[in-house]
Amino acid sequence: MADDKNAIIDLRKVCMAFPKRSGEPLPVLDDINMSISAGEILGLLGRSGSGKSTLLRIAAGLIRPTSGEVVYRGAPLTEPAEGIAVVFQTFALFPWLTVLENVEAGLDALGLPRDQARRRAQDAIDLIGLDGFQSAYPRELSGGMRQRVGFARATATRPDLLLMDEPFSALDVLTAETLRTDFLDLWVEHQLPTKSVLMVTHNIEEAVLMCDRLVVLSSNPARITAEIPVTLPRPRNRLEEEFGNIVDDVYSVLTARTIASLGALKQTHEGLAQPLPRASVNRMSGLIEILAAPPYSGRAELDTLASTLSLEINHLFPIAEGLHILEFAELKDGGLKLTAAGHVFARGNTDERKRLFREHLLRFVPLTAHVYRVLQEREARGAPRIRFEVELEDHLTRRDAERTLRAATAWGRYAELFAYDDKTRMFSTISNAG
Amino acid sequence: MPVLGYLSFTVLFLVSLSPDSAFGVEIATIFAIFTSQAWNMAFSFFQSLRTIPYDLDEASRGFRFSGWQRFWRLEVPFAMPGLIWNTMMSMSGGWFFVVASEAISVGDLHVALPGIGSYVERAIEHRDLAAVGWAIVAMTVTIFIYDQLLFRPLVAWADKFRYEQTAAAVAPRSWVIDLFQRTSLLRPVGASIGAMTQAAARARLSVRLFARPLAGRKVPSRLLDVVWYGLVLLAILYLGSVLLRFAGAELSWGDVFDAIGNGGITLLRVAILIVIATMIWVPIGVAVGLRPALAEKVQPVAQFLAAFPANLLFPVAVYLIVRFHLSPKIWLSPLMILGTQWYIMFNVIAGASAFPTDFKEAAASFRIRGWRWWRDVMLPGIFPYYVTGAITASGGAWNASIVSEAVSWGPTKLNGSGLGAYIAQMTEAGDYPRIALGIAVMSVLVVATNRLLWRPLYAYAERRTRLD
């Protein structure tokens, strides 16, 4: 695949590491080999924080990898290049430019004559269905219309490679569906002036609907764990059995990866290297209750949960992972199954739930157990947050460490294991705990 | 920073360059006013550059804007609202300095440039209250005209550069802008200017000089930081030693304690005045801010008052003090904050107007009233705005102390004592070592209050009033 003749862009042995407060830089991307061919839409899937967006930015030339290289048009890519255009999750429109000016701004770098630039921008606007909005400012537009401007701005440059960073995730479900369908229609009819697409997404159905090939990344650091070709004919139908099978496959790959990495991380560094997901106690309790009740009665497929709860994987997976870590439920083969403790939790009242949660925190979450132990050992019964931050940052990126500590704090507070004062940034014991 | 204090140095320096003409003095004045105005605009631009949203930065890099295009497409528009706001502030400050610096005496050197400042100076010498009145009227008219013809249109025009993606509740309007946009006579003029600037912004003018390094390579270099701070430290030490050699021969520790003692008096004044201004303007600002219709009317008036150089009004106050034999130590003090108290007021108005409706409704539905309402609802809500206003007000008060603590009315000289009076006296006497000492003490005090009081308060306000 790295020596594909048709390749538009070729990523070779790409590694990326971010500097840490102390010591060795922390790797986020490890040995990524990937190429994108003409005529294909490639989807990049993975847990949130797995480095998908970083990889997309490396392909865009916005970030330079720590090692390895990106080959584009036969030469190493060292900066944003002609023929590569990005569609941003947050749209990234210039609020002080009108729709037309925003699209024209994308053409600035090409140095076209004024009338030619105007014509191209106009064509892109027509194609994307923005006609009539030329003189509007972005703040007058709805989210969907704003992202259409984002598409028009990118396609007006007639890119060889269109990079899309979760282009639909900031939109509501209906709007996202409309934009996806419109985009696919243009793609299938070869009306889009772009040769290939790389998109990052959290939505597995969206990925299967749109992409010709899916690349699944693991995390900490991200490696390519699976490549899943999607050969279904277009237009694709979500209700077809084959479609559902592929979605199941992807879920299985993702859960298998998650379980493996959770298990592995728990063994190393006394479990302190285990990042905790952004899962609030309320969300986890809610999911337990839903799982416990009919029609699931203890077990559900993740894709069913995702579609009935209309949660994308970046929201569903953290909750499921949280339950898995706390052993209230078990992630397996793309499904989530309540454990005995999970059933007890579902039946319990507030106090019983808290007691159970406390037990599980001490047994299964090394970090909260660690904080608790430190507090018990200390005479003053208080410990500064920074101490744990530093400990965590030995093993995690700063962002992961922050998220992990937040989750641990919220969980510990709920379980009344310890108290935390954000003003003094100190953990302390609760006198009536236990 | 007490820019006014530096004035005597720059005047002397520039006059020495061209001793026989008014030209040198003219340059000195322009220079002084320029420095008083430029730094805060430059700082505003710099601040904007540092806060450019990440996604817009990536978009401009992704679409390979050249340095020139990036500047006009991204950096200037993003900085525009802050820049215009600071330009307005600078303009007000500028008038203040014009009035203060057109007629300046350093030792034996007495300078009077044609202008409203020296007009007022002359009026004071001749104890002509009517002339002072005319100066005030002239100033009012001038400010009104440039407000209508320059700043209103600028503010209305710059509204489109607001970064927020939501529409403003009340878009600023200006009849001048309307004139250019809606009349067939003036529209082509505006449009052609627009087309020209557009074309200029589109040009690539690709100079690799502006090329910025890729984000991935931006590894913060400790060494470079150390070297830089080292250089800065060396520069400070060098300047300090120069100052010491220059001043040390003439100054004793007694002088230093004298200056610090005077500084203490002025500090106490500033503190008390800020407290008083707060007690007056916070309730009024809140009352106005909660009534949008009223706020819309009061806000321009407050801005107008802030733009008015308060030192034009000093002679009137001084006349009253002399007339009624009031104690200058007390009654000169309010002059310090005369011009800058408005910043407290209109920041509080802005804060109260921006106060979320659901908080107001929640407070109303739980019947939170009286002191609890102030303590738990309103004061935390306007606190960040208030701190911003108070910082500006206290900074302005320090500056104003130089012209307000020692004033005269004809032959009568009033001295309120304090660091401002100290600097003013030393300037009049042409005693450079002591001017330098006074300025140094004032700089230290201003920086210290900023560091020890306002910064922590600001950080606290930011932290406490955020929900996430």
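If you're wondering where the values come from, they're calculated on a predicted model, not measured in any experiment. (Residues numbered from 1 in each chain as written. Chains lettered and ligands numbered in written order. Predicted model: local features only at pLDDT ≥ 70, side-chain atom pairs only at ≥ 80, totals over all residues.)

Chemist: Looking at this structure, I do not really get the overall build of chain A. What am I missing?
Modeler: Along the backbone of chain A there are 15 helices and 16 strands. In terms of overall size, chain A behaves like a compact globule, its C-alpha atoms giving a radius of gyration of 24 Å where 434 residues would be expected to give roughly 22 Å. Dimensions of chain A, computed from the C-alpha atoms along their principal axes, are close to 75 × 50 × 45 Å. The buried share of chain A, taken over its 434 residues, is 45%. If you take every contact in chain A between residues at least 6 apart in sequence, the share linking residues at least 24 apart comes to 70%. (Helix = DSSP H or I, 4+ residues; strand = E, 2+ residues; numbered from the N terminus. Rg over C-alpha atoms; globule rule 2.2 N^0.38 Å. Buried ≥ 20, exposed ≤ 12 C-beta atoms within 10 Å, placed from the backbone. Contact = placed C-beta atoms within 7 Å.)

Chemist: Help me understand the packing of helix 4 (residues 67-101) of chain B against helix 5 (residues 116-125) of chain B in this model?
Modeler: In a pair of packed helices, the angle between the axes and the distance between the axes together describe the arrangement. Residue and element names in this part refer to chain B. Taken N-terminus to C-terminus, the directions of helix 4 and helix 5 make an angle of 50°; their axes are 6 Å apart at the nearest point. When the axes of helix 4 and helix 5 are compared, the pair comes out oblique. As helix 4 packs across helix 5, the resulting crossing turns out to be right-handed. Contacts between helix 4 and helix 5 pair V98, V99, A100 and S101 from the former with I116, G117 and V120 from the latter. Residues belonging to the contact of helix 4 with helix 5 are distributed by class as follows: five nonpolar, two polar and no charged. (Axes fitted to C-alpha atoms, helices over the stretch in contact; angles between N-to-C directions. Parallel < 35°, antiparallel > 145°, perpendicular 65-115°, else oblique. Left-handed = near helix turned anticlockwise from the far one by under 90°. Nonpolar A, V, L, I, M, F, W, Y, C, P; charged D, E, K, R; others polar.)

Chemist: Looking at this structure, how should I read the domain arrangement of chain B?
Modeler: Accessible area lost on assembly of the parts is the figure often given for the size of an interface. As far as domains go, chain B holds domain 1 (1-216), domain 2 (220-249) and domain 3 (251-468). Of note, the centres of domain 2 of chain B and domain 3 of chain B, computed from C-alpha atoms alone, are 32 Å apart. (Domains from an automatic or database assignment.)

Chemist: I tried to follow the interface of chain B and chain A on my own but got confused; where do I start?
Modeler: Contact residues are listed per partner, giving 26 residues for chain B and 24 residues for chain A. Of all the secondary-structure elements, those providing two or more residues to the side of chain B that touches chain A are helix 3 (54-62) and helix 4 of chain B. When residues of the side of chain B that touches chain A are assigned to their parent elements, the largest contribution, six residues, is made by helix 3 of chain B. By residue class, the composition of the side of chain B that touches chain A is eleven nonpolar, five polar and ten charged.

Chemist: Just to check I follow, could you spell out the domain arrangement of chain A for this structure?
Modeler: All names here are of chain A. Per the domain assignment, the segments of chain A are domain 1 (7-249) and domain 2 (281-428). With 16 residues of domain 1 in contact, the opposing surface of domain 2 contributes twelve residues. Those elements giving two or more residues to the side of domain 1 that touches domain 2 turn out to be strand 2 (26-37) and helix 7 (241-267). Class assignment for the residues of the side of domain 1 that touches domain 2 results in six nonpolar, six polar and four charged.

Chemist: Explanation requested: the pairing of strand 3 (residues 41-46) of chain A in the structure shown.
Modeler: Note on strand geometry: in a regular strand, side chains alternate between the two faces of the sheet. Residues and elements named next belong to chain A. With six of six residues buried, strand 3 is to be regarded as a mostly interior element. Residues of strand 3 alternate between two faces, with I41, G43 and L45 on one and L42, L44 and G46 on the opposite face, all of them buried. One ladder, built from five bridges, connects strand 3 with strand 9 (residues 213-217); its direction is parallel. Paired with L44 across the strands is V215, a residue of strand 9. (Pairing = 2+ DSSP bridges.)

Chemist: Explanation requested: the confidence of the model for chain B in the structure shown.
Modeler: A low pLDDT score tells you not to read the predicted coordinates there in detail. Residue and element names in this part refer to chain B. In the predicted model, chain B carries a mean pLDDT of 79, and the fraction of residues at 70 or more is 86%. Across chain B, the element-wise mean pLDDT spans from 63 in helix 1 (residues 3-17) up to 90 in helix 10 (residues 253-289). Predicted confidence is poor over residues 208-219, with pLDDT under 50, and the contacts of this stretch with residues over four places away or in other chains come to twelve contacts. Complex prediction metrics read pTM 0.76 and ipTM 0.74. (pLDDT = per-residue confidence, 0-100.)

Chemist: It is not clear to me how the pairing of strand 1 (residues 7-18) of chain A should be interpreted in this structure. Could you clarify?
Modeler: Residues and elements named next belong to chain A. Sheet topology note: the strand 1/strand 2 ladder contains eight bridges and is antiparallel. Its bridge partner being in strand 2, V14 is matched across the sheet by I32. As defined by bridge partners, strand 1 adjoins strand 4 (residues 67-72) across five bridges and the pair is classed as antiparallel. Bridging from a neighbouring strand, C15 pairs with S67 of strand 4.

Chemist: Please explain the nonpolar core as it appears in this structure.
Modeler: When a protein is soluble and globular, its nonpolar side chains tend to lie buried together. In terms of nonpolar packing, the biggest core is built from 132 residues, with A:L44, A:A59, A:L163 and A:L198 touching the most fellow members. Looking at which element gives the most residues to this core, the answer is helix 10 (residues 313-325) of chain A, with seven residues. If near-sequence neighbours (up to four positions away) are discounted, A:L163 is found in contact with A:L56, A:A59, A:A60, A:I84, A:A85, A:V86, A:V87 and A:L198. One finds B:A100, B:A310, B:A397 and B:L419 within the second-largest nonpolar core, a separate group that totals 77 residues. (Core = buried A, V, L, I, M, F, W, Y, C linked by C-beta atoms within 7 Å.)

Chemist: How should the sheet that holds strand 13 (residues 335-338) of chain A be read in this particular structure?
Modeler: All names here are of chain A. Judged by pairing direction, the sheet is antiparallel, and its three strands sit side by side in the order 11-13-12 without closing on themselves. For this open sheet the edge positions go to strand 11 (299-301) and strand 12 (329-332), each flanked by a neighbour on one side alone. Here the strands of the sheet are splayed against their neighbours by 15° on average, with no regard to which way each runs. As judged from the three bridges shared by strand 11 and strand 13, these two strands associate in the antiparallel manner. Residue pairing for strand 13: E301 is matched across the bridge by G335. Lying on the sheet, helix 10 is in contact with strand 12 and strand 13; it crosses strand 12 at an angle near 120°.

Chemist: Just to check I follow, could you spell out the sheet that holds strand 10 (residues 224-229) of chain A for this structure?
Modeler: Each strand in a sheet pairs with its neighbour through backbone hydrogen bonds, running either in the same direction (parallel) or in the opposite one (antiparallel). All names here are of chain A. Spatially, six strands are ordered 6-7-8-3-9-10 in an open sheet, and the strand pairing comes out mixed. The two strands at the open ends of the sheet, each matched to only one other strand, are strand 6 (84-87) and strand 10. Each strand of the sheet is rotated relative to its neighbour by a mean of 20°, with strand direction disregarded. Here strand 3 pairs with strand 8 (residues 196-200) via four bridges, running parallel. Looking at the pairing, L44 lines up with V200 of strand 8. Set on the sheet, helix 4 (residues 143-156) makes contact with strand 6 and strand 7 (161-165); between it and strand 6 the angle comes to about 180°.

Chemist: What exactly am I supposed to notice about the environment of A:R387 here?
Modeler: Position of A:R387 among the secondary structure elements: in helix 14 (residues 385-393). When the C-alpha positions of A:R387 and A:E82 are compared, they lie 47 Å apart, and in sequence the two are 305 residues distant.

Chemist: Hey, could you run me through the environment of A:E289 in this one?
Modeler: Mapped onto the secondary structure, A:E289 falls in helix 8 (residues 281-292). Sequence spacing of A:E289 and A:T368 is 79 residues, and the spatial spacing of their C-alpha atoms is 24 Å.

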